[in-house]
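# Chains, contacts and geometry: an overview
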Amino acid sequence: MSEDVFDALLDHLCQTRGFDFGAYKRASLKRRIDKRMESIGIKTYDAYLDHLEVRQDEFAALFNSILINVTSFFRDEPVWEFMASDVVPALIKAKDRGDSIRIWSAACASGEEPYTLAMLFADALGEHAFRERVKIYATDVDEQSLAEARQATYSPRQVAGVSPQHLEKYFDHVNGNYVFSRELRRSVIFGRHDLIQDAPISRVDLVACRNALMYFNAETQARIIARMYFALKDTGILLLGKAEILFNHATMFVPLDLKRRIFRTTPKMSQRQRLLLTSQASGQELAAPTLTHVRMREAAFDVDATPQIIVDAEGTLVLANDQARRQFGLSTRDLGRLLQDLELPYRPAELRSGIDQAIADNRPITMKDVEWRGGPDDGRVMAILITPLVDGAGIVLGQKVAFADVTSFRRLQDELAQSKQELETAMEELQSTNEELETMNEELQSTNEELQTMNEELRTRSGELNEVNTFLKSILTTFRAGVAVIDRGLQIEVWNDRAEDLWRLRADEARGMHLLNLDIGLPMTDLTSTIREVLTGADGNRVAVVQATNRRGRRFHCRVTCSPLVGGDHKVTGAILIMEDQRDFDDASSSSSRGDGAATESGVSSDGSLLLMTSRRTTAWPSISSARFRNCSALP
């Protein structure tokens, strides 16, 4: 049932988007689609099919998930070293001076591969000759990747495989990125092309299609390889990926370097030429044979291990050697009788039609793989050769019929064919496994690149968070009053230095404790109602003055200002308690009203903003949410 739904999903993609994923390897295809479904929280194919019908933008995300655009400049460096040292110079040398060079980079992804080819040929020809002679046709089925390739802009990480010399020669450094040479880019033409459905680029000298065939099944691979063969000129070059090899295409390609997966096309035949082989007689007459010679010929014929008979032009049996007499039960009485009248109980085939054809064509006729049936040697296979006997004047005298037992040869041939088939099957399975492993490797590489991007984002956010921590710590350290931040459950989240000094309780001891369980000189039970009012959403701040005892044992009136801590959703998530000596507060207020000095004080505004107050001005700092307090792990 699941397979039927999966097929329905593929049919929907083909009918609505015109893209046939049926040619892709099913296991890899399911794995990529399953990954996309998992990322959006869908568990079944029918549910995902419904999702695709509703969300038209989902196809682009699915498409990007299926097409793993893993590529890089000079990927698999030994391959490109061999291309630069052997392949490219030989290809250029085979051309006349000024001849154009056409290159097809299939499945080019974001452009690294065609630009790598451009650098190799520009090195070999010079930039001016490259622009005049070379055209690189870079194609892919993914429009988004082609758009990136046309921009030719790459990050420092993407050009890590480019040598410093090539980087300086062929790239411009713009806004922290690297842009491929505009002049060389004019020789690289990008376009959408479907390897399965579209006609190939024609008359090319080099095709580079690396790590793309491994995503397709064997039948589709064969079709694509055939198209590339006809796209290439005679002795053209095919460059494949390290997981791809041509086991069953020896008639089209021969290895140039098998280890690096570089192949050359075999010579192509325009038309079959028919060769007429003629022979002429020497015109010399042979000496008449002696009686001894005749007996020698008869004896040689008779002892031949191959059963043979000779019939004249009228079909009369003239001779039969010893092997034929024993094989067919013939005797001397049968000589002179018509072949059709002979008792040949175990004849493997009807000889009359073969003899007539040999006479009509005047050439030897071979009847192959004739099964011997109806006798004690049932199951044997024969090859029958019928040869016309012609005299010096070209007159047909008769026919020689030889019977060759090819049973053992046929058996070996069958065993060889079976072994070859088994070997091809094993090689195809091995190739499929190798391609599947390479596919998974590219998937892992793609995932690794995504993780690297996420790590960079996390490092950026971590730096921002450290700045916030430093900022908040400096604010809390500046406060002359004790500050405590609690959540809705009255658990302490922040405890500043001044609070430590007031109550002799370290921050690491206070954090996480329940406010009412603190054993300090501040009577928390007297503050409970005030705190509850703030936590239940009462407007503005609440102030309470209670009798307290500081860490030195001195009793004083402690002024506690309680303000709501508002979260990002504008809901009260906790409270901020500012604890200070009432006399200090009064002195600061009177000093501020007189305008003398620069006394500094702090407080909390009615909207929950922290205030830093001096005698000359009052500065309101942005409201600090509970989320920001919780992230401030560096606070004391």
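The model shown is predicted, which means the values in this text are computed figures rather than measured ones.

## Section: helix H2 (residues 26–39)
- Between its first and last C-alpha atoms H2 spans 20 Å; for 14 residues at 1.5 Å apiece the expected length is 20 Å, and the two agree.
- Inspection of H2 places Ser28, Leu29, Lys30, Arg32, Ile33, Arg36 and Met37 among the buried residues, and these make up the whole buried set.
- Those residues of H2 that are buried are in contact with helix H1 (2–17), helix H3 (45–54), helix H4 (58–66) and helix H15 (407–478).
- Phi for Gly41, located one or two positions after H2, is positive at around 75°.

## Regarding the nonpolar core
- Within the largest apolar cluster, 53 residues are counted, with the highest numbers of intra-cluster contacts made by Phe21, Tyr24, Ile33, Trp104, Met228, Leu238 and Phe253.
- If you list the elements that add at least two residues to this core, you get H1, H2, H3, H4, strand S1 (101–106), strand S7 (204–209), helix H11 (218–231) and strand S8 (232–240).
- Setting aside residues no more than four positions away along its own chain, Met228 makes contact with Trp104, Ala106, Leu195, Val207, Cys209, Leu238 and Phe253.
- Ile92, Ala138, Val188 and Ala208 belong to the second-largest nonpolar core, a separate cluster that totals 44 residues.

## Looking at helix H8 (residues 143–151)
- Every buried residue belonging to H8 is among Ser145, Leu146 and Ala149, and all of these are buried. Considered in projection along H8, the buried side chains sweep an arc of 100° and stay on one side of the axis.
- The secondary structure elements touched by the buried residues of H8 are helix H6 (112–125), strand S2 (134–140), strand S3 (153–154) and strand S6 (188–192).
- Of the residues that open H8, the one with a side-chain oxygen 3.1 Å from the backbone nitrogen of Gln144 is Asp142.

## Some details on the pairing of S1
- Counted residue by residue, S1 has six buried out of six residues, so it is predominantly covered.
- Across six bridges, S1 lies against S2 in parallel orientation. Following the sheet pairing, Ile103 is matched in S2 by Ile136.
- Examined bridge by bridge, S1 and S7 share three bridges and lie parallel to one another. In the sheet register, Ser105 faces S7, and the bridge partner there is Ala208.

Calculation criteria
Residues numbered from 1 in each chain as written. Predicted model: local features only at pLDDT ≥ 70, side-chain atom pairs only at ≥ 80, totals over all residues. Heavy atoms only, no water. Helix = DSSP H or I, 4+ residues; strand = E, 2+ residues; numbered from the N terminus. Expected span 1.5 Å × (residues − 1). Buried < 20%, exposed > 50% of the residue type's maximum accessible area, 1.4 Å probe, protein only. Contact = heavy atoms within 4.5 Å. Core = buried A, V, L, I, M, F, W, Y, C linked by side-chain atoms within 4.5 Å. Arc of directions from axis to C-beta. Polar contact = N/O pair within 3.5 Å; in protein donor to acceptor, adjacent residues only side chain to side chain. Pairing = 2+ DSSP bridges.

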